[in-house]
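Coordinate analysis (summary)
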Amino acid sequence: MVNGDEAMRILLLLALFCLGLCRAMAAELLIATGEYAPWTGEQLPDGGYVNRVVREAFAREGVQVRFAYMPWARALEALRNGNAQASSFWYDDPVKAKEFLYSAPISEHRELLFHRKDVTVPPWRKLRDLRGLRFGATHGYTYTAEFRQLMKQGALNVEEANDDKINLLKMLAGRIELFPLDEFTGWQLLTSDAFPRGAHDLVTTEARPFSIQYGHLLMPRSARNEQLMARFNAGLARLRADGTLERFRLDLYRGSGMGQ
C-alpha cells in the first residue's frame, strides 16, 4: 500500500507533469514559411490564404502559432535542424513523406505552363513531347516525379533560378520558353509592380495543366508531433465543416487578380 506522504508526492509529481505539459501545449508554435503569393507572404493580409488557414485551424484547437518567413530551401532546413516546429506549406513528395508528417490537404493548386504569346508550343500529352523547349524551374520547389526524372536524365532542358520573379523575367526576355507555376501566383506576379506595365498582356498559359498539387503542413516525425498534427487536422476539419474554409477560398478568388 502507498502511505499518505508517498501518495502526496505522487500527486505532486503528476501535477508538475501536467503543468509542464500544459505549458508545452500552450507555447507558441514556430512555423517556417516562405513567399508564394497569394498563398503565403509576409506582407499579404493574414499571411496569405494557406497561413490564414493554418493559424485558424490551430486556433480552433487552442494552439498559438508564429510564422518565420525565409527562402523555401531554408524553411525546410529549419524544420530539419529543429529551428522550427512546422513548415507551411509543401506539395506531395514521397521522399519528404519518409522524413516528415504531412497534414490533410490545406489547398489545391493548378500548375500551368506559362509562356510568351509569341512562343509556339507544339501539341503535347507528355512533358517529353516538349523536349525542344527551354524550361525554367525555381530552386527548392517540389515538382512532379516525371519532371524531376526528365530533368535529371537531360531529356528536358531546364534552368533553375532562385525565385519565380527571376524565372518570369527570363521568360519575358526569351532566355527560357516555358515556366511551370501555380496559376494564381503567376498571374498575380505578372500584374504586380515587380514587372513592367503590360507584361501581363505578353503572356499566356497552356490549357493542359502541368500538374494538380495539394498543399500540406509538415512536421518532423515524432510521437508528440503525431498528436499535434492530429489536433491540426481536427481544427482543419472544423473549418471545413462550418464553412470557414469556403469563405477563405472565396476571399482568395476575389483578391487573386488572375489573368486570362
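Owing to the predicted nature of the structure, the values given are computational and were not obtained by experimental measurement.

Comments concerning the overall build of the protein
Across its full length, the protein holds 9 helices and 10 strands. Out of the 260 residues belonging to the protein, those deemed buried represent 45%. Counting contacts in the protein only where the partners sit at least 6 residues apart, residues at least 24 apart contribute 72% of the total.

Re the pattern of salt bridges
For the structure shown, the criterion picks out 14 salt bridges. When the shortest N-O distance is used, the salt bridge between R110 and E183 registers 3.1 Å. One end of the pair, R110, is in strand β5 (residues 107–116); the other, E183, is in helix α7 (residues 183–190), with 73 residues separating them in the sequence. By relative accessible area, which is 13% here, E183 ends up buried.

Section: the environment of K165
Within the secondary structure, K165 is located in helix α6 (residues 164–173). Excluding residues within four positions of it along the chain, K165 makes contact with L189, A194 and F195.

Section: the packing of aromatic side chains
For any pair of aromatic rings, the description rests on two quantities: the centre-to-centre distance and the angle between the ring planes. Tallied over the entire structure, the rule returns 15 aromatic pairs. When the ring of W39 is compared with that of Y49, the centres are 5.6 Å apart and the planes differ by 85 degrees; the resulting orientation is edge-to-face. In this pair, W39 is assigned in the loop between β1 (29–33) and α2 (49–60) and Y49 in helix α2, connecting sequence segments 10 residues apart. You can call W39 buried: its relative accessible area is 4%. Classification of Y49 by relative accessible area gives buried; the value is 9%. One aromatic cluster in this structure is built from Y36, W72, F89, W90, Y91, F135, Y141, Y143, F147 and F210. One residue, R208, lies across the ring of W124, its end atom 5.6 Å from the ring centre.

Considering unusual backbone geometry
Here the amide bond leading from A37 into P38 is cis, since omega sits at 5 degrees, within 30 degrees of zero. Here the bond from S88 into F89 is cis, since omega is 10 degrees, no more than 30 degrees from zero. With respect to the secondary-structure elements, F89 resides in strand β3 (residues 86–90). Positioned with a positive phi, D46 is a non-glycine residue whose angle comes to about 65 degrees.

Some words on a positive patch on the surface
On the surface, R125, K126, R128, R131 and R208 cluster together into a positively charged patch. If you trace the backbone, R208 turns up in the loop between β9 (203–205) and β10 (211–220).

Some details on the packing of α6 against α7
Between two packed helices, both the angle of their axes relative to each other and the distance between the axes serve to describe the pair. Remark: α6 packs on α7, axes separated minimally by 11 Å, with the N-to-C direction vectors making an angle of 70 degrees. As far as their axial angle goes, α7 and α6 are roughly perpendicular. Helix-helix and strand crossings are classified by hand; for α6 and α7 the assignment is right-handed. Touching D164, K165, L168 and L172 of α6 are T185, G186, L189 and L190, all from α7.

Here's the deal with the nonpolar core
Core analysis: the biggest nonpolar cluster contains 74 residues, and V54, F58, F147, L217 and F232 have the highest contact counts within it. Here the element with the most residues in this core is α2; it accounts for 6 residues. Each of domain 1 (29–108 + 214–256) and domain 2 (109–213) contributes no fewer than three residues to this core.

Focus on the packing of α2 against helix α8 (residues 223–241)
Where α2 meets α8, the axes come as close as 7 Å, and the angle between the chain directions of the two elements is 105 degrees. It follows that α2 is roughly perpendicular to α8 by the angle criterion. Taking contact as the criterion, the partners of V53, V54, E56, A57, F58 and R60 in α2 are, on α8, L228, F232, G235, L236, R238 and L239. Per-class residue counts for the contact of α2 with α8 are 8 nonpolar, 1 polar and 3 charged.

What counts and what doesn't
- Residue positions are given per chain, counted from 1 along the sequence in the order it is written.
- For this predicted model, a pLDDT threshold of at least 70 governs which residues receive local features, and a threshold of 80 or more governs which side-chain atom pairs are given and counted, while totals over whole chains, interfaces and linings are taken from all residues.
- Water and hydrogen atoms were dropped before computing side-chain values, which therefore reflect all heavy atoms in the structure.
- What counts as a helix is a DSSP run of H or I of at least four residues, what counts as a strand is a run of E of at least two, and both are numbered from the N terminus.
- Burial status follows relative accessibility: with a 1.4 Å probe on protein chains alone, a residue under 20% of its type maximum counts as buried, one over 50% as exposed, and anything between as partly exposed.
- Contact criterion: two residues are considered in contact whenever any of their non-hydrogen atoms come within 4.5 Å of each other.
- Each salt bridge in this description consists of a side-chain nitrogen of Lys or Arg and a carboxyl oxygen of Asp or Glu lying within 4 Å of one another.
- Any pair of Phe, Tyr and Trp rings, taking the six-membered ring for Trp, is counted once the centres come within 6.5 Å. Such a pair is stacked with planes under 30 degrees apart, edge-to-face with planes over 60 apart, and tilted for the rest.
- Criterion for a charge above a ring: Lys NZ or Arg CZ within 6 Å of the ring centre, and within 35 degrees of the ring normal.
- Patch definition: residues with relative accessible area over 30% and no salt bridge; like charges joined within 9 Å; nonpolar side chains (Val, Leu, Ile, Met, Phe, Trp, Tyr) joined within 5 Å.
- Accessibility throughout is a Shrake-Rupley quantity obtained with a 1.4 Å probe, and a residue counts as covered only by protein chains that appear here.
- We count Lys and Arg on the positive side and Asp and Glu on the negative side, and we leave His and both chain ends out.
- To locate a charge, take atom NZ for lysine, CZ for arginine, CG for aspartate or CD for glutamate.
- Helix axes use the C-alpha atoms of the stretch in contact, all axes being lines fitted to C-alpha atoms, and the angles between their N-to-C directions lie in the range 0 to 180 degrees.
- In these notes the angle categories are as follows: under 35 degrees is roughly parallel, over 145 is roughly antiparallel, 65 to 115 is roughly perpendicular, and the rest is oblique.
- In this scheme, a crossing is called left-handed if the near helix is turned counterclockwise away from the far one by less than a right angle; it is called right-handed if the turn is clockwise.
- We call a set of buried Ala, Val, Leu, Ile, Met, Phe, Trp, Tyr and Cys residues a nonpolar core when their side-chain atoms join them within 4.5 Å.
- Per the annotation, domain bounds derive from an automatic or database assignment of domains.
- In this classification, Asp, Glu, Lys and Arg are treated as charged, Ala, Val, Leu, Ile, Met, Phe, Trp, Tyr, Cys and Pro as nonpolar, and every other residue, Gly included, as polar.

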